[in-house]
Amino acid sequence: MGGPQQFVDKLQRVFDQNLYDPANEPDIAYPYLFSYFDKQAWRTQQQVARLLEKYYKATPDGIPGNDDCGTMSAWAIFSMIGLYPDCPGSPTYTLTTPVFDRVTLHLDRRFYPAGDIVIEAPHASAQSIYIKGITLGGRRYKSYRVSHADLIKARTLRFDLTEKHQTK
């Protein structure tokens, strides 16, 4: 693609020119790709919030296209809780803005004896779509990607949100 900035620019054009199709499953990870590049995670947060608002509704036809055994629903659920497994086979998640103040993921204690994972985003709102800070297991976290192992070990993930994007 010509380098990181060229890739980001081309990816942004997909959204700016309305070429993104949420019903085309190869496209669904596109908004999360921004987070792979330094200081571009705000674009993921912006696009995911926009896509949830535009394409997902609490109506009988409230998801784009065919749900294909839950693919579109899973995209929405992961996106709304603030983490998304954007690369199949890689035990990592890209972090984005949760829409809920608090979510508890109940894990099967046979496999995860430490128990549940709690994701918090106090004061989450439609306006506060950008991440100002992240705390993982009570410690400041500086990445927009987290491994499954680190998330399980930490057991808590907290987002501090703002209305203005941060480039960190």
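Placed above this text is the structure.
The rules we used
- Residues numbered from 1 in each chain as written.
- Predicted model: local features only at pLDDT ≥ 70, side-chain atom pairs only at ≥ 80, totals over all residues.
- Heavy atoms only, no water.
- Pairing = 2+ DSSP bridges.
- Helix = DSSP H or I, 4+ residues; strand = E, 2+ residues; numbered from the N terminus.
- Contact = heavy atoms within 4.5 Å.
- Polar contact = N/O pair within 3.5 Å; in protein donor to acceptor, adjacent residues only side chain to side chain.
- Salt bridge = Lys/Arg side-chain N within 4 Å of Asp/Glu carboxyl O.
- Buried < 20%, exposed > 50% of the residue type's maximum accessible area, 1.4 Å probe, protein only.
- Axes fitted to C-alpha atoms, helices over the stretch in contact; angles between N-to-C directions.

## Notes on the pairing of strand S8 (residues 156-162)
And then number 1: Here three bridges tie strand S4 (residues 117-120) to S8, and the two strands are oriented parallel to one another. Looking at S8, one finds that valine 118 is bridged to threonine 156.
And then number 2: Bridging between strand S5 (residues 130-136) and S8 involves six bridges; their strand directions are antiparallel. Across the sheet, threonine 135 pairs through a bridge with arginine 158, a residue of S8.

## With respect to the sheet that holds strand S2 (residues 92-95)
And then number 1: What the three strands build is an open sheet, ordered S1-S2-S7; its pairing is antiparallel. Every interior strand has two partners, whereas the edge strands, strand S1 (83-84) and strand S7 (145-147), have only one.
And then number 2: Where S1 lies against S2, two bridges are found, and the strand directions are antiparallel. Bridging from a neighbouring strand, tyrosine 84 pairs with threonine 94 of S2.

## Focus: the environment of tyrosine 36
And then number 1: Structurally, tyrosine 36 is set in the loop between helix H2 (30-33) and helix H3 (41-55).
And then number 2: Put simply, tyrosine 36 and arginine 145 are 109 residues apart on the chain and 8.3 Å apart in space, counted from C-alpha to C-alpha.
And then number 3: Discounting chain neighbours no more than four positions away, the residues touching tyrosine 36 are Asp86, Cys87, Thr94 and Arg145.
And then number 4: A polar side-chain atom of tyrosine 36 sits 3.2 Å from a polar atom in the side chain of arginine 145.

## What to know about the pattern of salt bridges
And then number 1: Taken as a whole, this structure holds five salt bridges when the rule is applied.
And then number 2: Measuring nitrogen to oxygen at the nearest pair gives 3.5 Å for the salt bridge that ties aspartate 160 to arginine 158.
And then number 3: You can call aspartate 160 partly exposed: its relative accessible area is 26%.
And then number 4: One salt-bridge network, held together by shared partners, links Arg102, Glu120, Arg158 and Asp160.

## A short note on the sheet that holds S4
And then number 1: Reading across from one edge, S3-S4-S8-S5-S6 is the order of the five strands in this open sheet, with mixed pairing throughout. Of all the strands in the sheet, just strand S3 (102-105) and strand S6 (139-141) have a single pairing partner and so form its edges. Taken over all neighbouring pairs, the strand axes of this sheet differ in orientation by 20 degrees on average, direction set aside.

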